[in-house]
Amino acid sequence: MNRADAIAEKDIAYNVHPYTNLALHEQQGPLVIDRGEGIYVWDDTGNKYIEGLAGLWCASLGFSEPRLVEAAVKQFERLPFSHSFAHRTTAVTTTLAEKLIEIAPAPMAKAYFVNSGSEAIDTAIKIIWYYNNGLGRPEKKKLISRKRGYHGVTVAAGSLTAIPLMQNDFDLPLDRMISTDTPSFYRCGEEGETEEQFTNRIVDNLEKLILAEGPETIAAFVAEPVMGAGGVVVPPAAYFDKVQPLLKKYDILLLADEVICGFCRTGNWWGSQTYDIQPDIVTCAKQLSAAYLPIGAVMVSQPIYQTLVEQSKKHGAFGTGNTYGGHPVACAVALETLAIYEERDILAHVRDVSTTFMQRLLSLGDHPLVGEARGVGLIGGIEIVQDKATKASYDPTTKAAFKVTQRALAHGLIVRPLPSDSIGICPPLVISHDEVHSLFDKLKAGLDEAMQELK
Ligand SMILES: Cc1ncc(COP(=O)(O)O)c(C=O)c1O
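Just so you know, these numbers come straight off a predicted model, no measurement behind them.

## So, the site of the ligand
(1) Moving on: Taken together, Ser-116, Gly-117, Ser-118, Tyr-150, His-151, Gly-152, Glu-224, Asp-257, Val-259, Ile-260 and Lys-286 make up the full set of residues near the ligand.
(2) Moving on: The separation between an oxygen atom of the ligand and a polar side-chain atom of Ser-118 is 2.5 Å.
(3) Moving on: Between the ligand and Lys-286, the relevant distance is 2.9 Å, taken from an oxygen atom to a side-chain nitrogen or oxygen of the residue.
(4) Moving on: Relative to its unbound accessible surface of 390 Å², the ligand loses 83% to contact with the protein.
(5) Moving on: In terms of residue class, the shell around the ligand is built from 3 nonpolar, 5 polar and 3 charged.

Laid out in structure tokens, this is it:
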């Protein structure tokens, strides 16, 4: 068993998880957030916090963007609802679809709207199965995700979310869903292995898995360009370069889950661009509307779309859809969000401010509690260890990462404990250089205080 699996086993054995401390939550109740402005939120007792995770990796424009409020009000007044079933749609829905296709990370034919990241993944899975049935390959249905990958919580998406807490006792994963290695050189690299050797080994493992299952049974490989909720795992430089030819060799589709990475987070419009990924299907949500309203999307390539059309003719319609998919108000807010990204050149801002972000993040790697500091663009993670030399983690019952985040919270910073005792840092994209310094000053104070408690 490798080190990452051993840690996951331990999490299960102790029935604990770094996200939460149930006893503490029961005693204190939830943190009730009351209002927001810029990158800050206030709780119901008046404490001010930097939202260092942009809510849930989503509030890209902060918490007080009047243009998004105006866009919603205008659309509410014009047409608060109409659906996209049975040859109907709305003007804003089609405009948003066209815009997404225009900026997609690889040539895409169509965009299909849903209300969340999980729904986007579930819909993508249905599309993949429908597509393979259309091609006369009813056995080519299995999906491969990565351990610690996060793709949502619905029955199908939750089956790809290979994190024990999200599957245990929910009777997940469903069959057809299998998982392969986490691309974390720090946590999963073996003694004496170089990053290149590690990458070759896990890509080799992927090929062995494909062959063992039978390539004719594998439909798609599903991956976040940078893993978010699994602990902010930044892939080795050559990882996707080596995975993609393998997928081509066995005729396996690549689904890029851009729910966190999409819309400038990694220093490009898409995480796929940061890692030279050429996906067949893209899912996105969160920063698509700066989180002001729920909306997600699935984009599919022309060959997939064409097969869906042919298959739908057989059945009389493409038999899936959601009442609120392509909701005009959510689409209007998403369109305004994309307009703001372009007009304010948020991408250039991210590239600029990420220099300070990465410098402050990586310098935390020197802290005695931090085994690894890693990130790209404006997403980062630190992994808490008991022993830097051996990379040994604290016993999960210690909840070391949780303790750091509680200390940081007392200093006015919200960040999130994640699997493998990691802490995620993912501020609103509009954060300034000074605010980045303030964020890391607070995180450093949290680390220093937690160290006193832990050592
Ligand atoms: C990469 C990724 N995919 C899918 C999802 C699921 O999105 P939602 O919570 O909107 O269902 C998430 C949520 O964090 C995510 O990070």
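There is more to say, and it comes next.
## Some remarks on the packing of aromatic side chains
(1) Moving on: One pass over the full model with this rule turns up 10 aromatic pairs.
(2) Moving on: Here Phe-357 and Phe-440 contribute two aromatic rings whose centre-to-centre distance is 5.4 Å and whose plane-to-plane angle is 65°, an arrangement assigned as edge-to-face. Here the residue Phe-357 occupies a position in helix 15 (residues 346-363), and Phe-440 occupies one in helix 17 (residues 433-454), the gap between them amounting to 83 residues. The pair Phe-357 / Phe-440 is uniform in exposure class, with both members buried.
(3) Moving on: These aromatic residues form a ring-pair network of at least three members: Phe-263, Trp-269, Trp-270 and Tyr-341.
(4) Moving on: The ring of Trp-42 carries the charged tip of Arg-35 above its face, separated from the ring centre by 4.0 Å.
(5) Moving on: Directly above the ring of Tyr-40 sits Lys-48, whose terminal nitrogen or CZ lies 4.2 Å from the centroid.

## Re the sheet that holds strand 6 (residues 177-180)
(1) Moving on: If you walk across this open sheet you meet the 7 strands as 4-10-9-8-7-5-6, and the pairing is mixed. Of all strands in the sheet, those with a lone pairing partner are strand 4 (110-114) and strand 6, marking the two edges. Direction aside, the axes of adjacent strands within the sheet are offset by 20° on average.
(2) Moving on: Across 3 bridges, the pairing between strand 8 (residues 253-257) and strand 9 (residues 281-284) is parallel. Of the residues in strand 9, the one forming a bridge with Leu-255 is Ile-281.
(3) Moving on: Helix 5 (residues 91-103) contacts strand 4 and strand 10 (296-300) of the sheet and is inclined by roughly 125° relative to strand 4.
(4) Moving on: Packed on one face of the sheet, helix 13 (residues 302-315) meets strand 4, strand 8, strand 9 and strand 10 and runs near 95° to strand 10.

## A short note on empty space enclosed by the protein
Leftover empty space is mapped by rolling, across the atoms, a probe with the size of a water molecule.
(1) Moving on: Applying the stated criterion across every chain yields a total of 2 cavities of 30 Å³ or more.
(2) Moving on: There is about 30 Å³ of room inside the second largest cavity.
(3) Moving on: Taken together, Thr-180, Asp-181, Ile-202, Val-203, Leu-206 and Tyr-239 make up the full set of residues lining the second largest cavity.
(4) Moving on: When residues of the lining of the second largest cavity are assigned to their parent elements, the largest contribution, 3 residues, is made by helix 10 (residues 195-213).
(5) Moving on: Classifying every residue of the lining of the second largest cavity gives 4 nonpolar, 1 polar and 1 charged.

## Observations regarding the domain arrangement of the protein
(1) Moving on: Partitioning the protein into domains gives domain 1 (3-64 + 345-454) and domain 2 (66-343).
(2) Moving on: Contact residues are listed per partner, giving 46 residues for domain 1 and 43 residues for domain 2.
(3) Moving on: Between domain 1 and domain 2, roughly 3,500 Å² of surface is buried when both sides are summed, and carbon and sulfur atoms account for 61% of that area.
(4) Moving on: Scanning the region where domain 1 abuts domain 2 turns up 1 salt bridge.
(5) Moving on: Measuring nitrogen to oxygen at the nearest pair gives 2.7 Å for the salt bridge that ties Arg-187 to Glu-383.
(6) Moving on: If you look at where domain 1 meets domain 2, you find 17 residue pairs in polar contact (both at pLDDT 80 or more).
(7) Moving on: Breaking the side of domain 1 that touches domain 2 down by element, the ones donating at least two residues are helix 1 (3-13), helix 3 (54-57), helix 15, strand 11 (370-376), strand 12 (379-384) and strand 15 (422-425).
(8) Moving on: Among the elements that make up the side of domain 1 that touches domain 2, the one with the highest residue count is helix 1 (6 residues).
(9) Moving on: Residues that form the side of domain 1 that touches domain 2 fall into these classes: 25 nonpolar, 13 polar and 8 charged.

## Overview of the pairing of strand 1 (residues 33-37)
Regular strands place side chains that alternate from one sheet face to the opposite one.
(1) Moving on: Bridging between strand 1 and strand 2 (residues 40-43) involves 4 bridges; their strand directions are antiparallel. Across the sheet, residue Gly-36 finds its bridge partner in strand 2, namely Val-41.

## Description of the layout of surface pockets
(1) Moving on: Taken as a whole, the largest pocket spans an internal volume of roughly 1,100 Å³.
(2) Moving on: Those elements that place two or more of their residues in the lining of the largest pocket are helix 5, strand 4, strand 10 and helix 13.
(3) Moving on: Here the residues of the lining of the largest pocket are counted per class, giving 16 nonpolar, 13 polar and 3 charged.

## As for the nonpolar core
(1) Moving on: Leu-100, Phe-263, Leu-288, Ile-382 and Ile-384 are the most contacted members of the largest nonpolar core, which has 71 residues in total.
(2) Moving on: Examining the composition of this core, we find that 10 residues originate from one element, helix 14 (residues 328-343), more than from any other.
(3) Moving on: Residues lining this core come from more than one domain, with at least three contributed by each of domain 1 (3-64 + 345-454) and domain 2 (66-343).
(4) Moving on: If we skip the residues at most four places from it in the chain, Leu-100 touches Ala-111, Phe-113, Phe-263, Trp-270, Leu-288, Ala-297 and Met-299.

## Observations concerning helix 10
(1) Moving on: Under the 1.5 Å per step criterion, the end-to-end length of helix 10 is 27 Å for 19 residues, consistent within 8% with the ideal 27 Å.
(2) Moving on: The complete set of buried residues in helix 10 reads Phe-198, Thr-199, Ile-202, Val-203, Leu-206, Glu-207, Leu-209 and Ile-210.
(3) Moving on: Elements that come into contact with the buried residues of helix 10 comprise strand 5 (142-146), strand 6, helix 9 (185-188), strand 7 (218-223) and helix 11 (239-249).
(4) Moving on: After helix 10 finishes, the residue Gly-214 shows a positive phi value of roughly 100°.

Definitions and limits used
Each chain has its residues counted from 1, running along the sequence as written. Only residues with pLDDT of 70 or above have their local features reported here, since the model is predicted, and side-chain atom pairs are shown and tallied only from 80 upward, although totals for entire chains, interfaces and linings are computed over all residues. With hydrogens and water excluded, all non-hydrogen atoms of the structure serve as input to the side-chain values. Residues are labelled near a given molecule or strand when at least one of their non-hydrogen atoms is within 4 Å of it. The definition of a polar contact used here is a pair of N or O atoms within 3.5 Å, where within protein one atom must be able to donate a hydrogen and the other to accept one, and adjacent residues in sequence count solely through side-chain atom pairs. Working definition of accessibility: Shrake-Rupley area with a 1.4 Å probe, residue cover restricted to the visible protein chains. Polar here means any residue other than Ala, Val, Leu, Ile, Met, Phe, Trp, Tyr, Cys and Pro, which are nonpolar, and Asp, Glu, Lys and Arg, which are charged; Gly is therefore polar. Aromatic rings from Phe, Tyr and Trp, with only the six-membered ring used for Trp, were paired whenever their centres fell within 6.5 Å, and each pair was classed as stacked if the ring planes differed by under 30 degrees, edge-to-face if by over 60, and tilted otherwise. Numbering of helices and strands runs from the N terminus; a helix is a DSSP stretch of H or I covering at least four residues, while a strand is a stretch of E covering at least two. Relative accessibility decides the category of a residue: with a 1.4 Å probe and only protein chains considered, values under 20% of the type maximum give buried, values over 50% give exposed, and everything between is partly exposed. Distance and angle both matter: a charge sits over a ring if NZ of Lys or CZ of Arg is within 6 Å of the ring centre and within 35 degrees of the ring normal. Criterion used throughout: strands pair if DSSP finds at least two bridges between them. Orientation is described by axes fitted as lines to C-alpha atoms, over the contacting stretch for helices, and by angles from 0 to 180 degrees between their N-to-C directions. Whether two residues touch is decided by their heavy atoms; if any such pair falls within 4.5 Å, the residues are in contact. Computed over the protein atoms alone on a 1 Å grid, cavities are sets of points where a 1.4 Å probe fits but cannot get out and pockets are open sets with protein on both sides within 12 Å along at least five of seven lines; a residue lines them when it has an atom within 4 Å of a point. Grid points are joined across faces, edges and corners, and a volume is the space filled by probe spheres set on the points. Residue ranges for the domains originate in an automatic or database domain assignment. In this description, buried area is defined as the sum, over both parts, of the accessible area (probe of 1.4 Å) that is lost when the two are combined. Salt-bridge detection follows one rule: a side-chain nitrogen of Lys or Arg within 4 Å of a carboxyl oxygen of Asp or Glu. Here, nonpolar core refers to any group of buried Ala, Val, Leu, Ile, Met, Phe, Trp, Tyr and Cys residues whose side-chain atoms link them within 4.5 Å. The span one expects for a helix is its residue count, reduced by one, times 1.5 Å.

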